[in-house]
Amino acid sequence: MSENASISTGIAERYAQAVFDLSRDGGDLKKLEADVTALDEAVRASSDLRDVLSSPVLTRDDQARAMGAVAEKLGLGDTLANTLRLMAAKRRLFVVPAMIAQLKDMLADERGEVTAQVRAAKALTNAQTDALAAALKQSTGKDVRLDVTVDEGLIGGLVVRLGSQMIDTSIRAKLNALQNTMKEVR
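Note that the structure is a prediction, hence the values are computed from the model and not measured.

Caption draft 1: Structural context of the packing of helix α2 (residues 29–45) against helix α6 (residues 96–111). With their axes 10 Å apart at the nearest point, α2 and α6 run at an angle of 145 degrees to one another. Like other packed secondary-structure pairs, α2 and α6 cross with a definite hand, here left-handed. Contact with α2, carried on its side by Leu 29, Leu 32, Glu 33, Val 36, Leu 39, Asp 40, Val 43 and Arg 44, involves Val 96, Pro 97, Ile 100, Leu 103, Lys 104, Leu 107, Glu 110 and Arg 111 of α6 and no other residues of that element. The residue inventory of the contact of α2 with α6, partitioned by class, reads 10 nonpolar, no polar and six charged.

See the structure below:
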């Protein structure tokens, strides 16, 4: 990991921990979960919002006003809304996506859940999703929530990442391994 990425991760972790602790102490974890989900969906859906988060051209005041408007439109609670304004004032909005990911992990951990990132070559059926979640629950002992994305470049199979563990059963990985084996034979 590069030094800048490490610094950004550290910043995101500190903001996420502060927001989480304030919300837990205030008994507002359900509201925080709804707020994090709404903010995550807004960031994913709006390229304009992503531009506001990463723009070096916008002033601190412009970013703070924009984040205040976003917080109001999304109906975010005071804790997260005020944190976003503070982050704008400190020029730290660029870590909002990482902070969202940290908060999702903290909230899931609080519920006794883990999230598995799953990349599949095609959309999974409900039966496949349920079977995968059940198999992962059996191996981890925790409830597993799946975050599934489709990656047609895998050709077939899937890639599952659960914490630091990764399981790659994709055809692309098998073809790459075969190609490497053939290179060694020469």
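Caption draft 2: Geometry of the nonpolar core. Core analysis: the largest hydrophobic core is formed by 32 residues, its most contacted members being Leu 32, Leu 39, Leu 84, Met 87, Val 96, Met 99 and Leu 103. Of all the secondary-structure elements, those providing two or more residues to this core are α1 (3–25), α2, α3 (47–54), α4 (60–74), α5 (78–89) and α6. Excluding residues within four positions of it along the chain, Val 96 makes contact with Leu 39, Leu 53, Leu 84 and Met 87. Counting residues in hydrophobic clusters, the runner-up holds 11 residues, among them Ala 120, Leu 132, Leu 136 and Val 160.

Caption draft 3: Region of interest: the environment of Leu 132. Mapped onto the secondary structure, Leu 132 falls in helix α7 (residues 126–140). On a C-alpha basis, the gap between Leu 132 and Glu 113 in space is 15 Å, while along the polypeptide they are 19 residues apart. Among residues more than four places away in sequence, those in contact with Leu 132 are Val 118, Leu 146, Leu 158 and Val 160.

Caption draft 4: Focus on α6. Its 16 residues give α6 an end-to-end C-alpha distance of 22 Å, which sits within 8% of 22 Å, the value for a rise of 1.5 Å per residue. Turning to α6, its buried residues number three or more, namely Val 96, Met 99, Ile 100, Leu 103, Met 106, Leu 107 and Ala 108. With its phi angle positive at about 80 degrees, Gly 112 sits one or two positions after the end of α6.

Caption draft 5: Examining a nonpolar patch on the surface more closely. The grouping of Ile 155, Ile 171, Leu 175, Leu 178 and Met 182 at the surface amounts to a nonpolar patch, some 480 Å² of accessible area in total. Along the chain, the position of Ile 155 falls in the loop between β2 (143–150) and β3 (158–162). Look at Ile 155 and you get exposed, because its relative accessible area is 54%.

Conventions used here
Residues numbered from 1 in each chain as written. Predicted model: local features only at pLDDT ≥ 70, side-chain atom pairs only at ≥ 80, totals over all residues. Heavy atoms only, no water. Axes fitted to C-alpha atoms, helices over the stretch in contact; angles between N-to-C directions. Helix = DSSP H or I, 4+ residues; strand = E, 2+ residues; numbered from the N terminus. Left-handed = near helix turned anticlockwise from the far one by under 90°. Contact = heavy atoms within 4.5 Å. Nonpolar A, V, L, I, M, F, W, Y, C, P; charged D, E, K, R; others polar. Core = buried A, V, L, I, M, F, W, Y, C linked by side-chain atoms within 4.5 Å. Buried < 20%, exposed > 50% of the residue type's maximum accessible area, 1.4 Å probe, protein only. Expected span 1.5 Å × (residues − 1). Patch = residues over 30% accessible without salt bridge, like charges linked within 9 Å, V, L, I, M, F, W, Y side chains within 5 Å. Areas by Shrake-Rupley, 256 points an atom, 1.4 Å probe, with all protein chains shown as cover. Salt bridge = Lys/Arg side-chain N within 4 Å of Asp/Glu carboxyl O.

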